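# Per-entry structural report
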Amino acid sequence: MLDDVLSYLESNLANSLSDLKEVLRLPSVAAKGENMEETAQWVADHLDELGLESKIHKTSGQPVVTGHIDVGAKRTLMFYDHYDVQPAEPFDLWESPPFEPTERDGRLYARGVADNKGDTVSRLWTIKAFLETGTDLPVNIKFVVEGEEEVGSPTMPEFVKDNKDFLKADGGIWEFGGSGIDGIQEAWLGLKGLLYVQLEVERLTMDAHSAYACILPSAPYQLVWALSSLKDSDSRIKIDGFYDDMKQLSESDLKAIAKVDLHETEVKDHYGIQHFLNELKDDALKEAYYNAPTCNIAGIESGWQGMGSKTVLPAKAMAKLDFRLVETMDPEDIKNKLRRHLDNNGFEDVKIAWYDGYPAAKTPVDHPFVDVVNKANKIVFGHDLVVHTTSPGSGPLYLFTDSVPMVSIGCGDFDSRAHSPNESIIIDNYLLTMKRVAVVMDEMSRW
Ligand SMILES: [Zn+2]
């Protein structure tokens with residue numbers, strides 16, 4: 001009975017949290033490639049425990065863990081999660097150590113708890129609740145848990161190509177989500193695409209005394225000039241053809257967006273700003289949020305970064321840029337356009353030293369699975385989901401949307417600080433999101 005499942009989840013919350021804390025103690029930082037196999041093994045062991053058939057797939061990058069059980073049900077539900085986390089630096093801004101999960105004021109703090117180990121473990125425990133209460137699983141289950149989401153999922157295309165038959169389901173729950181600034185649960189149906197590049201300039205064989213700035217060229221200036229050529233002060237991206245392949249929002253997208261409140265005042269207060277970029281508001285703000293591509297400087301490095309002064313003319317300079325792309329922009333094409341832009345503007349010596357990317361994707365807002373998830377949310381949380389047709393963030397959703405309609409919901413909240421110090425979740429939400437997945441499974445069997 002579903003009621004048994006829900007009360008099992010409630011009475012075993014502490015056990016579920018202690019499982020979660022165990023995996024949070026493993027610092028599986030994909031960018032550093034540390035503890036990855038151990039964490040993949042942790043996930044596989046827990047899938048095995050549930051009686052799912054687990055497999056650790058070796059790839060050219062970090063392993064992908066899958067699990068599945070076919071109970072002969074009409075519908076199949078897939079979960080996409082990741083066991084890797086973002087780097088925890090800067091450590092000194094954490095109030096408790098990032099890899100020592102700590103409960104404070106009804107929240108659980110640790111790197112990766114919101115993004116996305118909390119969701120991963122909550123979903124495992126939802127299945128466990130069916131098993132332990134002797135309740136038949138209402139749907140067949142599939143898990144895909146990768147280890148490189150936080151570094152752009154470079155080996156997922158290869159994994160997906162090799163596992164096409166496995167990657168089919170009637171509905172899928174994507175990795176992240178939670179409540180917005182008003183505490184109302186939100187669902188995300190799409191993700192923007194991404195192009196990430198590292199630009200490098202080297203103009204001298206070694207750093208020089210800055211006295212020679214009168215006769216020697218400057219790498220950091222060349223880089224800064226190149227960066228400033230990419231964008232106007234009103235944030236219009238100046239790369240030739242950048243906006244050419246942008247798909248405009250559909251009628252049903254616009255209808256869904258009209259229902260969303262982006263809580264402009266609260267968000268401005270949260271970030272301590274008077275105005276959004278270009279004084280965007282109302283419909284224009286919404287259109288930018290859901291359908292504006294970006295060109296963002298994620299980091300710049302050159303010369304002296306230490307205390308006090310050092311008069312130096314740096315030999316090299318480097319910048320990391322991320323471009324958020326919308327449907328139907330192609331990251332490879334944008335990278336080529338960036339190269340052309342640099343070459344045509346006197347920046348042939350600015351190298352694109354490294355790049356990565358994938359396109360945007362989304363599940364149609366009128367897909368019946370979206371209704372199933374909303375119904376479950378209403379039963380557990382007592383209100384309709386705020387449905388976002390796409391997230392301003394990115395992920396390799398495009399690999400799945402042809403064969404699985406994905407909806408992203410999860411245990412985070414507006415103050416979860418994913419990717420930042422003091423990442424956390426509200427423990428009550430964690431419990432409710434487990435219950436919501438149980439009800440999604442139940443509702444799916446009647447769909
Ligand atoms: Zn993340």
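Residues numbered from 1 in each chain as written. Predicted model: local features only at pLDDT ≥ 70, side-chain atom pairs only at ≥ 80, totals over all residues.

What follows concerns the nonpolar core. The nonpolar side chains of a soluble globular protein tend to be buried with one another. Grouped together as the largest cluster of nonpolar side chains are 106 residues, with contacts concentrated most on L9, V373, V407 and A438. Each of domain 1 (2-189 + 363-445) and domain 2 (193-246 + 293-358) gives at least three residues to this core. In contact with L9, other than residues within four places in its own chain, are W125, T126, A129, L431, M434, K435 and A438. (Core = buried A, V, L, I, M, F, W, Y, C linked by C-beta atoms within 7 Å. Buried ≥ 20, exposed ≤ 12 C-beta atoms within 10 Å, placed from the backbone. Domains from an automatic or database assignment. Contact = placed C-beta atoms within 7 Å.)

Attention now goes to the domain arrangement of the protein. Domains assigned within the protein are domain 1 (2-189 + 363-445) and domain 2 (193-246 + 293-358). Each of domain 1 and domain 2 has a C-alpha centre, and these two points are 35 Å apart. Of the residues lining the interface, six residues belong to domain 1; the matching set on domain 2 comes to six residues.

Further remarks concern the sheet that holds strand β20 (residues 424-426). Judged by pairing direction, the sheet is antiparallel, and its three strands sit side by side in the order β4-β5-β20 without closing on themselves. Every other strand in the sheet has two partners, leaving β4 (102-104) and β20 as the edge strands with one partner each. Sheet twist, expressed as the average angle between the axes of neighbouring strands with direction ignored, equals 25°. With three bridges connecting them, β4 and strand β5 (residues 107-109) associate as antiparallel partners. In the strand pairing of β5, E103 is matched with L108. In the packing of helix α4 (residues 113-132) onto the sheet, the strands contacted are β5 and β20, and the crossing angle to β20 comes to about 55°. This element, helix α12 (residues 427-445), spans β5 and β20 of the sheet and lies at about 70° to β20. (Pairing = 2+ DSSP bridges. Helix = DSSP H or I, 4+ residues; strand = E, 2+ residues; numbered from the N terminus. Axes fitted to C-alpha atoms, helices over the stretch in contact; angles between N-to-C directions.)

Looking at where A315 falls in the secondary structure, it is placed in the loop between β13 (312-313) and β14 (316-325). Note on A315: 19 C-beta atoms within 10 Å, which makes it partly exposed. In this structure, A315 is in contact with E202, R203, L204, T205, M206, D207 and A219, ignoring residues within four places of it in sequence.

All right, on to α12 then. Taking 1.5 Å as the rise per residue, α12 with 19 residues should run 27 Å; its terminal C-alpha atoms sit 28 Å apart, in good agreement. With 15 of its 19 residues buried, α12 lies for the most part within the structure. (Expected span 1.5 Å × (residues − 1).)

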